[in-house]
Amino acid sequence: MTVTDDLIKRAAKDLAAASHVVALTGAGISVESGIPPFRGKGGLWEKIDPMEYAHIDAFLRDPAKVWGVLIKEMKDVVDQALPNDAHKGLARLEDLGLLKTVITQNVDGLHQAAGNTDVIEFHGSFAWQKCMDCHNRCETRKINLEQIPPRCNCGGIFRPEVIFFGELIPPQHLSRSQLAASQCDIMLVIGTSAVVQPASLMPVISKESGAKVIEINPERTPLTGTVSDYIILGKAGEVTRKIVTEVEQLIS
Ligand code: NAD
Ligand code: ZN
């Protein structure tokens, strides 16, 4: 048996014995759904400069430029993406009564699509656009891209309901996440580079509250060996599928 197989069994045992699991997910969990992450191999930041496209000042300075590159590309990718085995595995863990809340940094809506019911979208949602003038909302999939940037009937520019760099996390999302992180007995950290604060602090809160912290990621992160109890090195979908199969056997 490989080290990874061993750790998958260990995670399944830990989860089966838990009563309140919370997951923190990042862009890595959606990679197997075809959505590229920001950092790491194949990440979007290899192609474009985040400060030039993902900062609120960049958007306000030149919305057409940010729409034309970042937002349009994201819309194309997100419109087609489907939940993978990692999203489905987390939905199954909720069905089994183990997983209570998903805190996600992702804006792709794939956790809800998989069936999780309590999802805190820390960085907002790409499913909706909001007019910057009259605050009228429109579903992203219904946005007309013939004109860039797309505009509302009032003439105002639409922006996605996501948090750009330089913007604050909505306080209600932050406080709910902190509460969830402090209440769990296991924090599953999947596919996040854990370098964007304050999301990366949630596992620290869990650890300090006595929870076990388990990471799933093909690469080590700043949490590895410091905050997390162990890391299962591998792809989110593959690893989560195996863990959930083991959990089902243990609790049936
Ligand atoms: P990140 O881009 O900083 O890091 C991605 C992490 O995923 C890395 O640690 C990488 O090793 C790991 N990874 C790569 N492939 C993986 C796989 N198959 N399985 C598991 N892990 C894998 O992502 P982040 O930590 O979420 O922070 C970046 C910010 O980017 C977030 O705030 C989020 O809002 C935004 N973002 C969201 C999406 C999305 O909604 N899907 C996509 C890109 C970026
Ligand atoms: Zn408007």
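Higher on the page you've got the structure.
Right, let's walk through the structure included here. Quick caveat, the model's predicted, so the values are computed rather than measured.

Some words on the sheet that holds strand 6 (residues 158-162)
- Strand order in the open sheet made by the 3 strands is 5-4-6, with antiparallel pairing throughout. In this open sheet, the two edge strands, each paired with only one partner strand, are strand 5 (137-139) and strand 6. On average, each strand axis in the sheet is inclined to that of its neighbour by 40°, with strand direction left out of account.
- Along the sheet, helix 4 (residues 63-80) makes contact with strand 4 (124-131) and strand 6, crossing strand 4 at roughly 130°.

Remarks on the side chain of T221
- Residue position: T221 is located in the loop between strand 8 (212-216) and strand 9 (230-232).
- Judged by relative accessible area, T221 falls into the buried class, the value being 10%.
- At 2.7 Å, the side chain of T221 and the side chain of E215 are in polar contact.
- Engagement of the side chain of T221 in a polar contact is seen with the backbone nitrogen of L223, the distance being 3.0 Å.
- Sequence-distant contacts of T221, defined by excluding residues within four places in its chain, comprise T192, S193, A194 and E215.

Section: unusual backbone geometry
- In this structure, the amide linkage connecting I148 to the following residue, P149, adopts the cis form with an omega of -5°.
- A cis amide bond links Q197 with the next residue in sequence, P198, at an omega value of 5°.
- Along the chain, the position of P198 falls in the loop between strand 7 (186-190) and helix 8 (202-208).
- Of note in this structure, H135 is not a glycine but carries a positive phi near 65°.
- When you line up the elements, H135 lands in the loop between strand 4 and strand 5.
- The residue A194 is not glycine, and still its phi comes out positive at about 55°.
- Looking at the secondary structure, you find A194 in the loop between strand 7 and helix 8.
- Exposure remark for A194: the relative accessible area of 10% places this residue in the buried category.

Here we look at the pattern of salt bridges
- Scanning the entire structure with this criterion turns up 12 salt bridges.
- Note that D79 and K75 form a salt bridge whose closest N and O atoms lie 2.8 Å from each other. With D79 and K75 both in helix 4 and 4 residues apart, this pair spans about one turn of that helix.
- For D79, a relative accessible area of 44% gives the class partly exposed.
- The residue D229 makes a salt bridge to K207 at a minimum N-O spacing of 3.2 Å. Taken together, the residues D229 in the loop between strand 8 and strand 9 and K207 in helix 8 connect sequence positions 22 residues apart.
- Given the relative accessible area of 32%, K207 is considered partly exposed.
- Through salt bridges with shared partners, one network takes in E139, R141 and K142.

Comments concerning the site of ligand 1
- In the vicinity of ligand 1 lie 25 residues, with R39, Q105, H123, T192 and S193 positioned nearest.
- At 2.5 Å from an oxygen atom of ligand 1 is found a main-chain nitrogen or oxygen belonging to Q105.
- Between A236 and ligand 1, the recorded distance is 2.9 Å, taken from a backbone N or O atom to a nitrogen atom.
- Out of a free accessible area of 850 Å², ligand 1 has 93% covered by protein chains.
- A class-by-class count of the residues in the shell around ligand 1 yields 10 nonpolar, 10 polar and 5 charged.

Points about the packing of helix 1 (residues 3-16) against helix 9 (residues 236-251)
- The interhelical angle for the contact between helix 1 and helix 9, taken along N-to-C directions, is 50°, at an axis separation of 8 Å. For the element pair helix 1 / helix 9, the angle class is oblique. Here the hand of the crossing between helix 1 and helix 9 comes out right-handed. Together, I8, K9, A11, A12, K13, L15 and A16 of helix 1 and V239, K242, I243, E246, V247, L250 and I251 of helix 9 make up the contact between the two elements.
- Split by residue class, the contact of helix 1 with helix 9 holds 10 nonpolar, no polar and 4 charged.

Regarding the sheet that holds strand 1 (residues 21-25)
- The 6 strands are arranged 3-2-1-7-8-9 in an open sheet whose pairing can be described as parallel. With partners counted over all chains shown, the strands left at the sheet margins are strand 3 (119-121) and strand 9, one partner each. The average angle at which neighbouring strand axes cross in this sheet is 20°, direction not considered.
- Sheet topology note: the strand 7/strand 8 ladder contains 5 bridges and is parallel. The partner of L188 across the bridge, within strand 8, is I214.
- This element, helix 1, spans strand 1, strand 7, strand 8 and strand 9 of the sheet and lies at about 115° to strand 9.

Rules used in this analysis
Residues numbered from 1 in each chain as written. Chains lettered and ligands numbered in written order. Predicted model: local features only at pLDDT ≥ 70, side-chain atom pairs only at ≥ 80, totals over all residues. Heavy atoms only, no water. Pairing = 2+ DSSP bridges. Helix = DSSP H or I, 4+ residues; strand = E, 2+ residues; numbered from the N terminus. Axes fitted to C-alpha atoms, helices over the stretch in contact; angles between N-to-C directions. Contact = heavy atoms within 4.5 Å. Buried < 20%, exposed > 50% of the residue type's maximum accessible area, 1.4 Å probe, protein only. Polar contact = N/O pair within 3.5 Å; in protein donor to acceptor, adjacent residues only side chain to side chain. Salt bridge = Lys/Arg side-chain N within 4 Å of Asp/Glu carboxyl O. Near = heavy atom within 4 Å. Areas by Shrake-Rupley, 256 points an atom, 1.4 Å probe, with all protein chains shown as cover. Nonpolar A, V, L, I, M, F, W, Y, C, P; charged D, E, K, R; others polar. Parallel < 35°, antiparallel > 145°, perpendicular 65-115°, else oblique. Left-handed = near helix turned anticlockwise from the far one by under 90°.

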